[in-house]
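# Observations on the three-dimensional arrangement
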Protein chains: 2
Amino acid sequence: MAPGPRPRPAPARPHPIDRPLRRRTVTTIEPLHPFHTRELVDHDGVAVPVTRVALTNGDTFDRYCTTGPARDADDRLPTPRRAWTDARRGGPVTQLQLARAGVVTEEMRFAAAREGCDAELVRSEVAAGRAIIPANVNHEELEPMVIGRAFLVKVNANIGTSAVTSDTAGEVEKLDWAVRWGADTVMDLSTGPGIHETREAVLRASPVPIGTVPIYQALEKVKGDAAAMTWEIYRETVIEQCEQGVDYMTVHAGVLLAYVPLTVERITGIVSRGGSIMAGWCLAHHQENFLYTHFDELCDILAAYDVSFSLGDGLRPGCLADANDDAQLAELRTLGELTLRARERGVQVMVEGPGHVPLDLVPENVRLAHDWCHGAPFYTLGPLATDIAPGYDHITSAIGAATIAQHGTAMLCYVTPKEHLGLPDRDDVRTGVVTYKLAAHAADVAKGHPGARAWDDELSKARFEFRWHDQFALSLDPPLAQAYHDETLPAEAAKTAHFCSMCGPKFCSMRISQDVRAAFAEKSREFVELGASVYVEARAGAAPGA
Amino acid sequence: MAPGPRPRPAPARPHPIDRPLRRRTVTTIEPLHPFHTRELVDHDGVAVPVTRVALTNGDTFDRYCTTGPARDADDRLPTPRRAWTDARRGGPVTQLQLARAGVVTEEMRFAAAREGCDAELVRSEVAAGRAIIPANVNHEELEPMVIGRAFLVKVNANIGTSAVTSDTAGEVEKLDWAVRWGADTVMDLSTGPGIHETREAVLRASPVPIGTVPIYQALEKVKGDAAAMTWEIYRETVIEQCEQGVDYMTVHAGVLLAYVPLTVERITGIVSRGGSIMAGWCLAHHQENFLYTHFDELCDILAAYDVSFSLGDGLRPGCLADANDDAQLAELRTLGELTLRARERGVQVMVEGPGHVPLDLVPENVRLAHDWCHGAPFYTLGPLATDIAPGYDHITSAIGAATIAQHGTAMLCYVTPKEHLGLPDRDDVRTGVVTYKLAAHAADVAKGHPGARAWDDELSKARFEFRWHDQFALSLDPPLAQAYHDETLPAEAAKTAHFCSMCGPKFCSMRISQDVRAAFAEKSREFVELGASVYVEARAGAAPGA
């Protein structure tokens, strides 16, 4: 199959790809705080977008920026990657192939600039299969990013219509909303009618990689009858999505017929939608999963567009009791085999993981995934650390997510408060993304990722110095932080007051602590003037516990 | 000092202890779900309260119950402990003294019954100082509970008036609210006017242990001037609170003069209110902390009422950058020394911990606390795993809390979404308690605590069988779970429907999974009738990954 951006295999039916979207004025995603601006800064000759926070003390602090540039009146982003991919026509297509050939691509340079690292680190990690840059050659609007354990932990947000509710315009809004809060990638998990149109609108508006689960759309084409699915229908669907520019695809090729019996004694059976569809198909036909039997062909399609595999964990546990069981681990072994086969064909691969896992079993999940899947980036859904808190599963899963990311997981798929209960609305998407950003950052700090803790320190300094507006501006959710502060102390004067509502003016430990510091500055002067006795006594006294 | 419940040392001023509260009808804390009832069940001859969940499949599931029995028209609880303590008059007072003497007290039996363990385990852990039963002889309304790493991880909720806002009736309401959601203990951190009256109302209404930080009230008595504080004023305040029935007290006796200089270079200095007050006092007088110099006398007062120490970490870190630093660890060494001194005088001790700690430094906190403080129960505030998410600090801290509890922390002090920003309201208390209950439970499961995962499994079974009402009733926050479900699918029929709004009827993996299970039941019949070939083939195929 000819590689490159524009030799498009004919889809089975005409696509309304070029249908004009509704005209409107230029769209820029509103910053989260008045102190925030999107700036381009130079890093090794690459102009990289950052969210610049202007602090009230005159300093600035730059944050990783996911919102993308302004869109035109047709609601489309600029297409900076067109020139890059055009210049590479006729040569290798995928970042993996290029990395192996020693080429540092524009995508690698851009991703490295965002990370603040050397582009060669990105190239070598991609070449080794330990990192991927999900970047379909047809997603020309993309601002490339890298997923791998050597880099910042990333967060994916799911959006998508369902048979029960939701609409296309709403999904683009959800996309904007998700990247505004910091989502690094977005998966369009639409089911029901209008899947193609929704995805088209989302892709043309998205500066972040878009992932999908092609089996969802394929199932719509056979009216929901899993047994009626064929490789040909699936293949056609994948090509249609490759054409549109989908950057990575979840493929449940590891759900083998032989593994399905291993799920029968589970408490919650198979909870992955894709996994259950493929299990149902395998049983109905008593044949091996066609995604497994046609895997090499699938690799060649994905390679032609540089679509990355997200090898789906169709047998992931749906509750703590089913975690790390035979079904899950059998599939993981197969994902390792598929990882090698995909890489041989030049396709970038990440591997998906659970789900629901007790905290004591979390590290084993990362270790086995890395060992068995040859270091491929691990991409987990949570995992939830307990099943007893529906309505709070963004939290039960953030606990597992921070832990699993600390052990090396490269990307976390967010979970919203509505998980297990209903469809997320805008507020849920915001809560889910922010919750996962904080979990990912907690892991970055725990891993000692270069520079990660600078953000915490900057906010803590603002806190200690009672720079309330800087605290809000530096936080993951500035409007919420300010709203909470306003609830008790709405006056503008309180935003510079040297106390807060928790303790009141008399009790403020921070203020007392500043007094202590001032007293020591005074003591230091005395110390210099009078000799070392007092201060030395104090320091000596500290020795037993220091 | 004479031990026992009623020989009360004369407080410095008359207390309105016996002032009648406003009359009203009998108060019972409303259950969280219509399927919930408070029942008394027999455990080794002890009638122990449980929250019984009646499931729609005819089963029942019993949950640990913190709400207490109904209150009388004067808003007072019954006083079951009066008979117990009366019968022990003239003998040793504290649970530690009794445990060492080999006595299994009614409190130990009751706490053991709640835990579902043997009373002898409670006695031996208390005797060893690895567990405490905070139970002031004057808190006769108490339903005793045990805090220690061998038992369920507990959660404390803070309430309390402040100089800026809040009132007494509101605090009793917050108490009710906190225990309704499952708080195991409640700390009354009131500052400002009316501290004594607020605490009195809270104690008489509380079935759970009440903790305080006496220095807050003592500071009110000197009009907020830390330098004017004296041991005598503090002592009088402690006795006043012992008289009322406070079960445990945070005492910042480890903030030594010599350690204060160690905080000067920190980003956030001293963030504990009590710690900063004592540091300010030490500096103002250039004298050693009077809580340290009068510690033995303080022990004798607490021993007379069986008030437990919660040795405060006045020098805990206020941001990630300050975690596990010399100041924190110097104080922890001293808390270890004080633990032994208190135990020698028969006082039960737990030790407080941080605060703000990167995940990679969390385990060391528990290890050092247990090593240096001779196994005393560790009681931590979170810790927050990152500082960048004000407004979400219940989550940043739940991540740290679940991790630190997994490593052996016995009790977690909750953090609400308003932390660092404002005073928590009812919704915040609910969110904080539920978040910490799920973190504590995640730790119980990770530790393999006997029976802990049964709750997860029960909910997961209900989920798999589409028993929606049972999922709600079994969850930590039934009304929220149901409300989220109602948002998308409000119809009562949807509560038994074999799908939900996320996937819709066609895609439901749980339903497909049930079909798979049914198919296998069918296959099993065929297997028995026709021979083993198909099934054996499948299982053999699974072997490489199992």
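Since this is a predicted model, take the numbers as computed values, not measurements. (Residues numbered from 1 in each chain as written. Chains lettered and ligands numbered in written order. Predicted model: local features only at pLDDT ≥ 70, side-chain atom pairs only at ≥ 80, totals over all residues. Heavy atoms only, no water.)

On inspection of all chains with the given rule, the structure shows 67 salt bridges over all chains. Two residues, E143 of chain A and R38 of chain A, come together in a salt bridge whose shortest N-O distance is 2.5 Å. You can see E143 of chain A sitting in the loop between β4 (131-132) and β5 (147-148) and its partner R38 of chain A sitting in strand β1 (residues 36-43), a full 105 residues away along the chain. Residue R38 of chain A is classed as partly exposed on the basis of its relative accessible area, which comes to 31%. In this structure, E337 of chain B engages R341 of chain B in a salt bridge whose closest nitrogen and oxygen atoms are separated by 3.0 Å. Of this pair, E337 of chain B and R341 of chain B both sit in helix α12 (residues 326-344), four residues apart, roughly one helical turn. Given the relative accessible area of 19%, R341 of chain B is considered buried. (Salt bridge = Lys/Arg side-chain N within 4 Å of Asp/Glu carboxyl O. Helix = DSSP H or I, 4+ residues; strand = E, 2+ residues; numbered from the N terminus. Buried < 20%, exposed > 50% of the residue type's maximum accessible area, 1.4 Å probe, protein only.)

Once that is clear, we can look at the pairing of strand β12 (residues 378-381) of chain A. Residue and element names in this part refer to chain A. Of the two faces of β12, both are covered, the one formed by F378 and T380 as well as the one formed by Y379 and L381. Examined bridge by bridge, strand β11 (residues 349-353) and β12 share three bridges and lie parallel to one another. Bridge pairing in β12 places E352 opposite Y379. Regarding topology, helix α13 (residues 362-372) serves as the crossover connection from β11 to the parallel β12, and that connection is right-handed. Pairing between β12 and strand β13 (residues 411-413): three bridges, direction parallel. Opposite L381, over in β13, you have C413 as the bridge partner. (Pairing = 2+ DSSP bridges. Right-handed = clockwise from strand over helix to strand, strands pointing away.)

As a further point, take the interface of chain A and chain B. The partner chain B presents 119 residues to the 119 residues of chain A that form the contact. Of the roughly 10,100 Å² buried between chain A and chain B on both sides combined, carbon and sulfur atoms contribute 69%. In this structure, the salt-bridge partner of K418 of chain A is E487 of chain B, at a minimum N-O distance of 2.7 Å. Seen at the junction of chain A and chain B, the total is 13 residue pairs in polar contact (both at pLDDT 80 or more). (Contact = heavy atoms within 4.5 Å. Buried area = accessible area lost by both parts, 1.4 Å probe. Polar contact = N/O pair within 3.5 Å; in protein donor to acceptor, adjacent residues only side chain to side chain.)

This part takes up the environment of W84 of chain A. Residue and element names in this part refer to chain A. Its location among the elements puts W84 in helix α1 (residues 81-87). Classification of W84 as buried rests on a relative accessible area of 19%. Remark: the alpha-carbon pair of W84 and E140, spanning 56 residues in sequence, is separated by 9.2 Å. With sequence-adjacent residues up to four places away left out, W84 is seen in contact with E106, E107, F110 and P144.

The positions that UniProt labels "binding site: Zn(2+)" (unreviewed entry) are, in the present scheme, H356 and H420 of chain A. Maximum C-alpha separation among the annotated residues is 12.3 Å over a sequence range of 65 residues, consistent with a single clustered spot. Of the residues examined, H356 of chain A reaches a relative accessible area of 7% and is grouped as buried. Filtering out sequence-adjacent residues up to four positions away, H356 of chain A remains in contact with P317, G318, C319, L320, A323, P383, L384, D387 and H420 of chain A together with R463 of chain B. Reaching out from H356 of chain A, the side chain makes a polar contact with the backbone oxygen of G318 of chain A at a distance of 3.3 Å. (UniProt positions renumbered as here; feature names shortened; annotations may be inferred.)

Our focus in this paragraph is the environment of A227 of chain A. Residue and element names in this part refer to chain A. Mapped onto the elements, A227 comes out in the loop between α7 (214-221) and α8 (231-244). When the C-alpha atoms of A227 and T51 are compared, they prove to be 49 Å apart, with 176 residues separating the residues in sequence. Not counting residues within four places of it along the chain, the set of residues in contact with A227 comprises W281, A284 and H285.

Turning to unusual backbone geometry, a few remarks are in order. Between G382 of chain A and the following residue, P383 of chain A, the backbone shows a cis peptide bond with an omega angle of 5°. Cis geometry marks the peptide bond from P354 of chain B to G355 of chain B, where omega comes out at 0°. Of note in this structure, H420 of chain B is not a glycine but carries a positive phi near 75°. As for its placement among the helices and strands, H420 of chain B is situated in the loop between β13 (411-413) and α15 (426-446). Judged by its relative accessible area of 13%, H420 of chain B falls in the buried class. A positive phi is found at F466 of chain B, a non-glycine position, where the angle reads about 55°. Inspection of the secondary structure puts F466 of chain B in the loop between α16 (453-464) and α17 (468-474). Judged by its relative accessible area of 5%, F466 of chain B is buried.

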